Amino acid sequence: QKEVEQNSGPLSVPEGAIASLNCTYSDRVSQSFFWYRQYSGKSPELIMSIYSNGDKEDGRFTAQLNKASQYVSLLIRDSQPSDSATYLCAVRTGVDRGSTLGRLYFGRGTQLTVWP
Amino acid sequence: DVKVTQSSRYLVKRTGEKVFLECVQDMDHENMFWYRQDPGLGLRLIYFSYDVKMKEKGDIPEGYSVSREKKERFSLILESASTNQTSMYLCASRTVGDTDTQYFGPGTRLTVL
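All values derive from a computational prediction rather than experimental measurement. (Residues numbered from 1 in each chain as written. Chains lettered and ligands numbered in written order. Predicted model: local features only at pLDDT ≥ 70, side-chain atom pairs only at ≥ 80, totals over all residues. Heavy atoms only, no water.)

This brings us to the overall build of chain B. Looking only at helices and strands, chain B has 0 helices and 11 strands in total. In sequence order, chain B lays out its α and β elements as β-β-β-β-β-β-β-β-β-β-β. Taking 2.2 N^0.38 as the reference for a compact globule, 113 residues should give roughly 13 Å; the C-alpha atoms of chain B span a radius of gyration of 13 Å, in line with that estimate. Looking at the 113 residues of chain B, the share that counts as buried comes to 50%. Taking the intrachain contacts of chain B between residues at least 6 apart in sequence as the baseline, contacts between residues at least 24 apart amount to 55%. Carbon and sulfur atoms make up 50% of the accessible area of chain B, which amounts to about 5300 Å² in all. A distance of 6 Å separates the average location of the 16 positive side-chain charges in chain B from that of its 16 negative side-chain charges. (Helix = DSSP H or I, 4+ residues; strand = E, 2+ residues; numbered from the N terminus. Rg over C-alpha atoms; globule rule 2.2 N^0.38 Å. Buried < 20%, exposed > 50% of the residue type's maximum accessible area, 1.4 Å probe, protein only. Contact = heavy atoms within 4.5 Å. Areas by Shrake-Rupley, 256 points an atom, 1.4 Å probe, with all protein chains shown as cover. Lys, Arg positive; Asp, Glu negative; His and termini not counted. Charge placed at Lys NZ, Arg CZ, Asp CG, Glu CD.)

Shown next, in the form of structure tokens:
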């Protein structure tokens, strides 16, 4: 069973601070890594994807990947109250060939609250 | 914009009823997925389909079946609904060769009484 673990939270940070969300995964052959944001009562939406070791930045969001340590993180700089949501880490392992479709494995999510 | 729609936002059924949840996507995606989401348990994959008439079991297929007769439509069937199937059900679709983006529908909150 492939496992994806996230820091359990909930995480609470003041407005303007850096929020750090962490995720570890068990399958060493994992290839693609994603962060989804889910607002209360809504469905998940993709905010970041990362495929190679290192950092990937998109606005206030930075995803970091370390395949040797099987670790992926999401940093949110200058956190805003509108960032308050549950963040889901997801990992894709396989390749797209019929029934070996690379399905996603999700962590249970970390609830983030940014207070003004 | 990619659009994934689900037939109902809220559904209330009685124990033993047969329940159909419908999902339609308008982007010609090959892959479609059904998840359920419960507090503390996260997203769990029920079934997925990599093409028309193809289906694969996910992690929790017991008590469910699926149908994919047309590329755009993926149906989840609860043959005999039970109270432990009360949950939020989320459909998603993805195209092969895309940047791995799964697009989610708005979800159906099913209550089984």
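Taken as a whole and assessed by the stated rule, the structure comprises 2 disulfides over all chains. Here A:Cys23 engages in a disulfide with A:Cys89; their sulfurs sit 2.1 Å apart. Because the sign of the S-S torsion sets the handedness, a value of about -75° for the bond joining A:Cys23 and A:Cys89 places this disulfide among the left-handed ones. Taken together, the residues A:Cys23 in strand S3 (residues 19-25) and A:Cys89 in strand S9 (residues 85-92) connect sequence positions 66 residues apart. Here B:Cys23 pairs with B:Cys91 through a disulfide, and the sulfurs are 1.8 Å apart. Taking the torsion about the sulfur-sulfur bond, which here is approximately -75°, the covalent link between B:Cys23 and B:Cys91 counts as left-handed. Here B:Cys23, found in strand S3 (residues 19-25), pairs with B:Cys91, found in strand S9 (residues 87-94); they are 68 residues apart in sequence, far enough to count as distant. In terms of burial, B:Cys23 and B:Cys91 fall into one category: buried. (Disulfide = S-S within 2.5 Å.)

Scanning all chains against the criterion turns up 10 salt bridges over all chains. With a shortest N-O distance of 3.1 Å, A:Glu45 and A:Arg37 are connected by a salt bridge. Here A:Glu45 falls in the partly exposed class, since its relative accessible area comes to 33%. Residues joined by salt bridges that share partners form a network here, namely B:Arg36, B:Asp38 and B:Arg44. (Salt bridge = Lys/Arg side-chain N within 4 Å of Asp/Glu carboxyl O.)

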